[in-house]
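Each chain is listed here by its residues.
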Amino acid sequence: MSYKIGLVGKPSVGKSTFFNAATMNDVPEGAYPFTTIDPSVGEAYVRVECAAPEFDETCTPDTGYCKEGTRYVPTKLVDVAGLVPGAHEGRGLGNQFLTDLNEADVLVHVVDFSGTTDIEGENTEGHDPREDIDFLENELDQWYVGILEKGIEKFQNRYQGQDELAIEVELAEQMSAFGINKDEVKKLVLRLDLGFEPEAWDEDDREALAREIRQYTKPMVIAANKMDTPAAQANWEEITTDPDYDHLTFVPASAHAEKALKNAAEQDVVDYHAGDDDFDIVADVSEEQEQGLEQIREFVTEFGGTGVQQAIETALFDELGVIAVFPGGAEAMGDDQGRVMRDCFLLPEGSTTSDFAYHLHSDIGDGLLHGLNCRTKRQMGGDTELDHREVVELVTTS
Ligand SMILES: Nc1nc2c(ncn2[C@@H]2O[C@H](COP(=O)(O)OP(=O)(O)OP(=O)(O)O)[C@@H](O)[C@H]2O)c(=O)[nH]1
Ligand SMILES: [Mg+2]
């Protein structure tokens, strides 16, 4: 399983700049086969503190790479087409947008915090980024409402006043494209105190349910982009203290800065690791280039990085809820070919030893006896929940 993070937003907010910066990486050559799936789907990385040094080992990753004790674990990033008002009715690249979006497990909403682009992405000044946040949420909600209404209609034709299980099943089936099951649908209906009578749901109820399902199935973080501009920083102050936006997670970002640093790193001008809040200039540079880099340094030291790496990690680890698990050996870390911690798997929070075994292979799941915590050497039952950065050996019948 590989997670997909969707970059969404109106045109000209910097999605492609963000995408290019995040997927342009200093992967050691020949480390593993790198395939570009599609121009708009790329490989980005999330950082996980490597567990190998705790065992006095150096890891040999099959996928991603490790730099100075930090594992860069691959994940998919999708540059979704710019969203314009009315996309849910098929405007712009509406349908393409919705297809792409639906494949994403979690979203990074890239918002132009500088206010220099209007709602359609045209140049302007003083545009309030809150409008863009509202617009995107609303656009997604309208799309969900449309699909939900179809489910309600079908239900009404088929079941006339039947039991609550029927409505759970029917709605779940209708919304299954969004990756939600009937227990989850039920939970959300209960959470809103709606009762299982779709005929009694008015427009507001339906919108509220659609919104609840949308928030549940598409967790989202806001990348407040173009924060390298004074206008964006002023908007940041205002918006992140606006109580109406308390429910959202904001990450200050400069996709420009990340791209510039990655470019400079590629040319061996700087020593920079994605996500770091500083870098070293390691080559002779012109005065102009130095000035540019020093400006970026001011930014990354103030904001704790360019925000590109942070936004991706916040989306996956905090909003979606993912943990990293290292397969290992309780007796020895290396396999028979001396390879150490070749993999680092990303799993849903709450995954158990058994879930992990099944994630690897159904035979491993079926044959699982127990797990071994490689740090403590203690046995772990099949239903033991794994921690983030757990190092575990699976003991099976075969
Ligand atoms: N100041 C500043 N400008 C940026 C930043 N990121 C992107 N831009 C600029 O914003 C403009 C739009 O960037 P793109 O990456 O093409 O935006 P997009 O969201 O992919 O646009 P569409 O593909 O049309 O939807 C370009 O002129 C970028 O140089 C940033 O962090 N800071
Ligand atoms: Mg683009």
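Residues numbered from 1 in each chain as written. Chains lettered and ligands numbered in written order. Predicted model: local features only at pLDDT ≥ 70, side-chain atom pairs only at ≥ 80, totals over all residues. Heavy atoms only, no water.

For the rest of this paragraph, the subject is the overall build of the chain. The helix and strand inventory of the chain stands at 12 helices and 14 strands. Relative to the globule expectation of 21 Å for 398 residues, the C-alpha radius of gyration of the chain, 23 Å, shows essentially globular dimensions. Along the longest, intermediate and shortest principal axes, the C-alpha atoms of the chain span 70 × 65 × 35 Å. Within the chain, buried positions represent 49% of all 398 residues. (Helix = DSSP H or I, 4+ residues; strand = E, 2+ residues; numbered from the N terminus. Rg over C-alpha atoms; globule rule 2.2 N^0.38 Å. Buried < 20%, exposed > 50% of the residue type's maximum accessible area, 1.4 Å probe, protein only.)

Bringing the environment of Phe97 into the picture now. For Phe97, the location among the structural elements is in helix H2 (residues 94-103). When the C-alpha atoms of Phe97 and Thr75 are compared, they prove to be 20 Å apart, with 22 residues separating the residues in sequence.

For Ser114, the location among the structural elements is in the loop between strand S5 (106-112) and helix H3 (129-159). Looking at Ser114, the relative accessible area reads 6%, which means it is buried. Of the polar contacts made by the side chain of Ser114, one reaches the side chain of Asp112; its length is 2.5 Å. Only 2.7 Å separates the side chain of Ser114 from the side chain of Thr116, close enough to count as a polar contact. Those residues in contact with Ser114, other than ones at most four positions away along the chain, are Asn225, Lys226, Thr229, Ala231, Ala232 and Asn235. (Polar contact = N/O pair within 3.5 Å; in protein donor to acceptor, adjacent residues only side chain to side chain. Contact = heavy atoms within 4.5 Å.)

Turning next to the packing of aromatic side chains. Scanning the entire structure with this criterion turns up 8 aromatic pairs. Between Tyr65 and Tyr72 the ring centres are 4.7 Å apart and the planes differ by 5°, which places this aromatic pair in the stacked class. Residue classification places Tyr65 among the buried positions, given a relative accessible area of 5%. Judged by centre distance (6.2 Å) and plane angle (70°), the ring pair of Phe113 and Phe250 falls under edge-to-face. Linking Phe113 in the loop between S5 and H3 with Phe250 in strand S7 (residues 250-252), this pair joins segments that are 137 residues apart in sequence. A single burial state applies to Phe113 and to Phe250, both of which are buried. Every member of this aromatic cluster is reached through a ring pair, and the members are Tyr45, Tyr65 and Tyr72. Against the face of Phe279 rests Arg297, its NZ or CZ located 4.5 Å from the ring centre. (Phe/Tyr/Trp six-rings, centres within 6.5 Å; stacked < 30°, edge-to-face > 60°. Lys NZ or Arg CZ within 6 Å of the ring centre and 35° of its normal.)

On to the pairing of strand S4 (residues 70-79), then. The element S4 is largely enclosed, with a buried count of 8 among its 10 residues. Bridging between strand S1 (residues 4-8) and S4 involves 4 bridges; their strand directions are parallel. By the bridge assignment, Ile5 is partnered in S4 with Leu77. In terms of strand pairing, strand S2 (residues 41-49) meets S4 through 9 bridges, oriented antiparallel. The residue bridging Ala44 from the neighbouring strand is Thr75, located in S4. One ladder, built from 3 bridges, connects strand S3 (residues 65-67) with S4; its direction is antiparallel. In the sheet register, Cys66 faces S4, and the bridge partner there is Arg71. In this structure, the hairpin formed by S3 and S4 is closed by a connection of 2 residues, where Glu68 is found at a positive phi of approximately 45°. (Pairing = 2+ DSSP bridges.)

Looking now at the confidence of the model for the chain. Overall, the prediction assigns the chain a mean pLDDT of 89, with 92% of residues at 70 or greater. Scored below 50 in pLDDT, residues 27-37 shows 14 contacts in the model against residues more than four places distant or in partner chains. (pLDDT = per-residue confidence, 0-100.)

Right, let's get into the pattern of salt bridges. Scanning the model with the defined rule gives 22 salt bridges in all. For Asp141, the salt bridge goes to Arg211, with nearest N and O atoms at 2.7 Å. Of this pair, Asp141 sits in helix H3 while Arg211 is found in helix H6 (residues 203-217), placing the two residues 70 residues apart along the sequence. Judged by relative accessible area, Asp141 falls into the buried class, the value being 5%. Glu212 serves as the salt-bridge partner of Arg191, at 3.0 Å between the closest nitrogen and oxygen. Here the residue Arg191 occupies a position in helix H5 (residues 182-191), and Glu212 occupies one in helix H6, the gap between them amounting to 21 residues. Look at Glu212 and you get buried, because its relative accessible area is 15%. Overlapping salt bridges, with partners in common, bring together Asp62, Asp335, Arg339 and Arg342 in one network. (Salt bridge = Lys/Arg side-chain N within 4 Å of Asp/Glu carboxyl O.)

Our focus in this paragraph is the domain arrangement of the chain. In many reports, interface size means the accessible area that the parts give up when they come together. Here the chain is described as being made up of domain 1 (4-56 + 65-126 + 220-318), domain 2 (136-211) and domain 3 (322-396). Between domain 1 and domain 3, the contact holds 13 residues from the first and 16 residues from the second. Carbon and sulfur atoms supply 66% of the area buried between domain 1 and domain 3, which totals about 1,200 Å² over both sides. Among the residues domain 1 hides against domain 3, the three largest losses belong to Phe55, Arg71 and Phe317. Together they make up 44% of the total. Linking domain 1 with domain 3 are 2 salt bridges. Put simply, Arg389 and Glu54 hold a salt bridge, and the shortest N to O gap is 2.9 Å. Here domain 1 is connected to domain 3 by 7 residue pairs in polar contact (both at pLDDT 80 or more). Counting residues per element, the ones that place at least two in the side of domain 1 that touches domain 3 are S2, S4 and helix H10 (308-320). For the side of domain 1 that touches domain 3, the residue count by class is 10 nonpolar, no polar and 3 charged. (Domains from an automatic or database assignment. Buried area = accessible area lost by both parts, 1.4 Å probe. Nonpolar A, V, L, I, M, F, W, Y, C, P; charged D, E, K, R; others polar.)

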